[in-house]
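Observations on chain architecture
If you want the building blocks of each chain, they are given just below.
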Amino acid sequence: MGIADQFKDKSQALADQAKKKADGKQDEASERSSRNEDPMRDEQDRARQRAQDARDRFDDNYDA
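I will try to describe carefully the structure that is included in this document. (Residues numbered from 1 in each chain as written. Predicted model: local features only at pLDDT ≥ 70, side-chain atom pairs only at ≥ 80, totals over all residues. Heavy atoms only, no water.)

1. Considerations on the overall build of the protein chain
Worth spelling out the cut-off: Counting from the N terminus, the helices are DSSP H or I runs at least four residues long and the strands are E runs at least two residues long. Partly exposed describes any residue whose relative accessible area lies between the buried limit of under 20% and the exposed limit of over 50%, with all areas from a 1.4 Å probe on protein chains only and scaled to the type maximum. Here the open area of atoms and residues is found with the Shrake-Rupley method and a 1.4 Å probe, where only the protein chains shown may cover a residue.
When its secondary structure is counted, the protein chain shows two helices and zero strands. Here the protein chain holds 64 residues, and the buried ones make up 0% of them. Summed over all atoms, the accessible surface of the protein chain reaches about 6000 Å², with 50% contributed by carbon and sulfur.

Here it is as structure tokens:
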């Protein structure tokens, strides 16, 4: 087996590994999508909640 064959084998193995990893990520994204999970939406909800809490604290301080 020559050096060229070794490089071809190694490059093919890396390509297969990358494809498996990409397929796994795609499957994970599809599963999250089917469950209506969105990490950005969760972060936006937390930001909205923090803003609402700040408004509530402000209102509580000046309602007296």
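2. Some thoughts on a negative patch on the surface
The test is simple: In this scheme, patches are assembled from residues that exceed 30% relative accessible area and form no salt bridge. Like charges are connected within 9 Å, while nonpolar side chains (Val, Leu, Ile, Met, Phe, Trp, Tyr) are connected within 5 Å. What counts as a salt bridge is simple: a side-chain nitrogen of Lys or Arg found within 4 Å of a carboxyl oxygen of Asp or Glu. Just so you know, the count uses Lys and Arg for positive and Asp and Glu for negative, and it drops His and the chain ends. All charge positions are set by atom: Lys at NZ, Arg at CZ, Asp at CG, Glu at CD.
Taken together, the side chains of Asp53, Asp56, Asp59 and Asp60 make up a negatively charged region of the molecular surface. Among the structural elements, Asp59 can be located in helix α2 (residues 39–62). Classification of Asp59 as partly exposed rests on a relative accessible area of 38%.

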